[in-house]
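# Geometric and topological summary
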Amino acid sequence: DTNVYNVFIMLLGKYLNKYYLKYAWCFIIGIIALIAIDYFQTLLPQFLGQLVDFFEQYSDVSLIPLDQLNKMVLSILALGVIMCAGRMLWRFTIFYASKKIDGHIRHEMFKKAERLPLSFYHDNKVGAVMAWFTNDLETIEEYAEQFIIIQNEMNSVLNEKKEVSSLCLGCS
């Protein structure tokens, strides 16, 4: 779809770079939170596996040492709280930057629209001008939000593929 391609090129283009730089701190914090969440999500199966192994050691429930069990359960709960906080952090920072960028672009468009001659509004339909201010900007905002997230997920998948291929090469 050429529309998606054009939006993607604009997201990487020099027009939006000033906004990426202005809100770089938001994107950096969001990316760090995304990476941290990916790491903590890999720990959860390990913790649950340790808990299952712990229960398999004891055939009688009354023999289970509660202090160890409490420590394991609390570590799983702490991991869940960290993952929840990290998700909130990356969503807040990336969506915040996206909304601010949207606001700046709308402001620039409005200033430009005020300077346009009346002939522009006679030549262009009202619906088209309104679409530029609403639908087109919402599309840009949506792509700006998801651009960082998708890029991080693609990097995670590529890293996993490298790890799996290196493991397979070591098996042969």
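Report on the accompanying structure. (Residues numbered from 1 in each chain as written. Predicted model: local features only at pLDDT ≥ 70, side-chain atom pairs only at ≥ 80, totals over all residues. Heavy atoms only, no water.)

### A look at the overall build of the protein chain
- Per the secondary structure count, the protein chain includes six helices and zero strands.
- Expressed as a percentage of the 172 residues in the protein chain, the buried residues total 26%.
- The long-range fraction of contacts in the protein chain, counting pairs at least 24 apart against all pairs at least 6 apart in sequence, stands at 78%.
- Accessible surface, the protein chain: about 12200 Å² in total, of which carbon and sulfur atoms supply 66%. (Helix = DSSP H or I, 4+ residues; strand = E, 2+ residues; numbered from the N terminus. Buried < 20%, exposed > 50% of the residue type's maximum accessible area, 1.4 Å probe, protein only. Contact = heavy atoms within 4.5 Å. Areas by Shrake-Rupley, 256 points an atom, 1.4 Å probe, with all protein chains shown as cover.)

### Re the nonpolar core
- By size, the foremost hydrophobic cluster in this structure holds 18 residues, and its most contacted members are L16, F27, W90, I101 and I105.
- Taken together, the elements giving at least two residues each to this core come down to helix 2 (14–22), helix 3 (24–57) and helix 4 (66–115).
- At seven residues, helix 4 tops the list of elements feeding residues into this core.
- Counting six residues, the second largest nonpolar core, distinct from the first, contains L51, I64, L69 and I76. (Core = buried A, V, L, I, M, F, W, Y, C linked by side-chain atoms within 4.5 Å.)

### Considerations on the pattern of salt bridges
- One pass over the full model with this rule turns up two salt bridges.
- The shortest N-O distance in the salt bridge between K18 and E108 comes to 3.3 Å. Residue K18 is found in helix 2, and its partner E108 is found in helix 4; the two are separated by 90 residues along the sequence. (Salt bridge = Lys/Arg side-chain N within 4 Å of Asp/Glu carboxyl O.)

### Regarding the environment of I64
- Structurally, the position occupied by I64 is in the loop between helix 3 and helix 4.
- Excluding anything up to four places from it in sequence, I64 contacts F54, F55, Y58 and L69.

### Observations regarding the side chain of T93
- On the secondary structure map, T93 appears in helix 4.
- Within the structure, the side chain of T93 is placed 3.4 Å from the backbone nitrogen of G30, a separation counted as a polar contact.
- Dropping the residues within four chain positions of it, T93 is found in contact with C26, I29 and G30. (Polar contact = N/O pair within 3.5 Å; in protein donor to acceptor, adjacent residues only side chain to side chain.)

### Considering the packing of helix 3 against helix 4
- At their nearest, the axes of helix 3 and helix 4 sit 8 Å apart, and the two run at 160° to each other. When the axis of helix 3 is compared with that of helix 4, the two are roughly antiparallel. The interaxial crossing formed by helix 3 with helix 4 has left-handed handedness.
- Within the contact of helix 3 with helix 4, the residues separate by chemical class into 27 nonpolar, seven polar and one charged. (Axes fitted to C-alpha atoms, helices over the stretch in contact; angles between N-to-C directions. Parallel < 35°, antiparallel > 145°, perpendicular 65-115°, else oblique. Left-handed = near helix turned anticlockwise from the far one by under 90°. Nonpolar A, V, L, I, M, F, W, Y, C, P; charged D, E, K, R; others polar.)

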